[in-house]
Amino acid sequence: MTGPRDIHAYLAEFEDIPGTRVFTAKRARQGYHLNQFAMSLMTDENRQRFRADESAYLDEWKLTPEQKDALLKRDYNRLLDLGGNVYFLAKVFSTDGQSFAQAVSTMTDMNFEDYTKMMVAGGRSPEGQRSIKEGR
Amino acid sequence: MAIITAGVASSHVPLLGVASDFGKDADDYFGPIFAGYEWTREWEKAEKPDVVILVYNDHASAFDMRIIPTFAIGCGERYKPADEGWGPRQVPDVEGHPDLAWHIAQSLILDEFDMTIINEMDVDHGLTVPLTMMFGKPEAWPTKVIPLAVNVVTYPPPSGNRCWALGEAIARAVASFEEDLNVQVWGTGGMSHQLQGPRAGLINREWDNMFLDGLIGEGDHLRRIPHIEYLRETGSEGIEMVMWLIMRGAMGKRTRALHRHYHVPCSNTAIGHLVLRPDNGEGLDMTGSDTVHAIAAE
């Protein structure tokens, strides 16, 4: 046994990582229908129905008004806050014909071109990005 | 008897599948990534594994939020490439090895690893991209594959220590299978990457290379790295590297590196690739294929 025995301490540490939402059980429960909606876009038939009338398609799912609004706006950071997980939301990326990196860049403070340049130059440094409390 | 002859670690970025499928694997962007796998492609031709136990994670393809198995083993006859939102990859179906898979599943459960058994599922880029990287574009994959899916999406994923111990149990299970088989274990995913939030794009070259170093030789300190360290140092999706520890655990006490490759970036991700030989006195050399049968007969 090398894992943490205290689940509360284990989960609390995740909140100390800058700019990151760890997909905990709490978020998984909050985003259940949001993520299952995204899964429905795994078939071409559903992708076409969704594209034809996004709002009507979303009304078929038990989403909160905030989740629906964030989906229509493709506000992915907010969707993460509302329980979305990136591997599920990726079904929305591909329905939109967006590459993974393109969609991911919208969650940062950079446009896609600058984000791509950052990645080619070696990516985002972990310096100062490890801990909010410790500022390291 | 069946023998684990090698371990392979590799990132499984979906864009690599796209690059291969659309013939971009030699361009300026992808060329240096694929070049680092050329050695392995030639080596695999000589090794001719009968079965690959392929450790990967499903990315909301076969498993969604309804069922979240921590460790699942594929015992089916064959698996189709999944439609991940843009149609299935045009790559061969993956042929399973139900006899060995069921033997491993039963052995693991008796060894106190309570596996989920999967008979039918589609397999996504997590499994098919490593096959592409190691084998290119054959008409049919040159090996049978036992998919071993690990939950690294919904927290908590299994600990690194548990993954390593599962690898050790897989090695015991393979060693008790009577048929002569040349078996490889692959660990996939990683290396540093974060696909979400304002911190997206994080890459930690130094940490990744420390991890690669740690897989070689006798050390076992990697099994004690806590989840929070992967998250802080390598990004939220860097946690996939716990899957490499299943491969490492299956190699036994000591390993020797045959090939190593590291490149930044591929899309949002650092590419890492390592080929290991168990180095526990067997003196394994698979060059020219039938060696496994000679060893088994000793």
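Here the structure is a predicted model, which means the values were calculated and not measured. (Residues numbered from 1 in each chain as written. Chains lettered and ligands numbered in written order. Predicted model: local features only at pLDDT ≥ 70, side-chain atom pairs only at ≥ 80, totals over all residues.)

(A) Structural detail: the packing of helix 2 (residues 31-47) of chain B against helix 4 (residues 125-135) of chain B. Residue and element names in this part refer to chain B. Running from N to C, helix 2 and helix 4 point in directions that differ by 80 degrees, and their axes come no closer than 7 Å. As the angle between them shows, helix 2 and helix 4 are arranged roughly perpendicular. Residues Tyr37, Thr40, Arg41 and Glu44 of helix 2 form the contact with helix 4, whose own contacting residues are Met133, Met134 and Phe135. When grouped by side-chain class, the residues that make up the contact of helix 2 with helix 4 number four nonpolar, one polar and two charged. (Axes fitted to C-alpha atoms, helices over the stretch in contact; angles between N-to-C directions. Helix = DSSP H or I, 4+ residues; strand = E, 2+ residues; numbered from the N terminus. Parallel < 35°, antiparallel > 145°, perpendicular 65-115°, else oblique. Contact = placed C-beta atoms within 7 Å. Nonpolar A, V, L, I, M, F, W, Y, C, P; charged D, E, K, R; others polar.)

(B) Examining the confidence of the model for chain B more closely. On average, residues of chain B score 95 in pLDDT, and 95% of them are at 70 or above. Interface confidence for the predicted complex, expressed as ipTM, amounts to 0.96; the pTM equals 0.96. (pLDDT = per-residue confidence, 0-100.)

(C) The sheet that holds strand 5 (residues 94-95) of chain B, seen in detail. All names here are of chain B. Reading across from one edge, 5-4-7 is the order of the three strands in this open sheet, with mixed pairing throughout. The open sheet has two free edges, formed respectively by strand 5 and strand 7 (122-123), since each of these has just one partner strand. Examined bridge by bridge, strand 4 (residues 78-81) and strand 7 share two bridges and lie parallel to one another. Counted as the bridge partner of lysine 80 is aspartate 122 from strand 7. (Pairing = 2+ DSSP bridges.)

(D) Geometry of the interface of chain A and chain B. Residue-level contacts link 48 residues of chain A with 38 residues of chain B. Elements represented by at least two residues in the side of chain A that touches chain B include exactly helix 1 (7-14), helix 2 (25-30), helix 3 (32-40), helix 7 (76-81), helix 8 (86-95), helix 9 (100-105) and helix 10 (112-120) of chain A. The leading source of residues in the side of chain A that touches chain B is helix 8 of chain A, at seven residues. When its residues are assigned to classes, the side of chain A that touches chain B shows 26 nonpolar, 16 polar and six charged.

(E) A look at helix 3 of chain A. Residues and elements named next belong to chain A. For helix 3, the set of buried residues is Leu34, Asn35, Phe37 and Ala38. Around the axis of helix 3, the buried residues are gathered within 155 degrees of arc, so they sit on the same side. Among the structural elements, helix 5 (54-58), helix 6 (65-73), helix 7 and helix 8 are those in contact with the buried residues of helix 3. (Buried ≥ 20, exposed ≤ 12 C-beta atoms within 10 Å, placed from the backbone. Arc of directions from axis to C-beta.)

(F) Molecular detail of the environment of glycine 7 of chain B. Residues and elements named next belong to chain B. Its place among the elements puts glycine 7 in strand 1 (residues 2-10). Between the C-alpha atoms of glycine 7 and cysteine 163, which are 156 residues apart in sequence, the distance is 15 Å. Here glycine 7 is in contact with Gln184, Val185, Met247, Arg248, Ala250, Met251, Thr255 and Leu276, once residues within four sequence places are set aside.

(G) Examining unusual backbone geometry more closely. All names here are of chain B. The amide bond that connects tyrosine 155 to the next residue, proline 156, takes the cis arrangement and shows omega of -5 degrees. You can see proline 156 is positioned in the loop between strand 8 (144-150) and helix 5 (160-175). For lysine 48, which is not a glycine, the phi torsion comes out positive at approximately 45 degrees. Checked against the element boundaries, lysine 48 lands in the loop between helix 2 and strand 2 (51-56). A positive phi angle is found at serine 267, which is not glycine, with a value near 55 degrees. Locating serine 267 in the fold gives a position in the loop between strand 10 (255-266) and strand 11 (269-278). Look at serine 267 and you get buried, because 22 C-beta atoms sit within 10 Å.

(H) Representation of the pairing of strand 10 of chain B within the structure. Residue and element names in this part refer to chain B. Pairing of strand 10 with strand 11, which is carried by nine bridges, proceeds in the antiparallel orientation. Bridging across to strand 11, histidine 261 finds its partner in histidine 273. Taken together, strand 10 and the strand that follows it, strand 11, pair antiparallel across an intervening segment of two residues, in which serine 267 is found at a positive phi of about 55 degrees.

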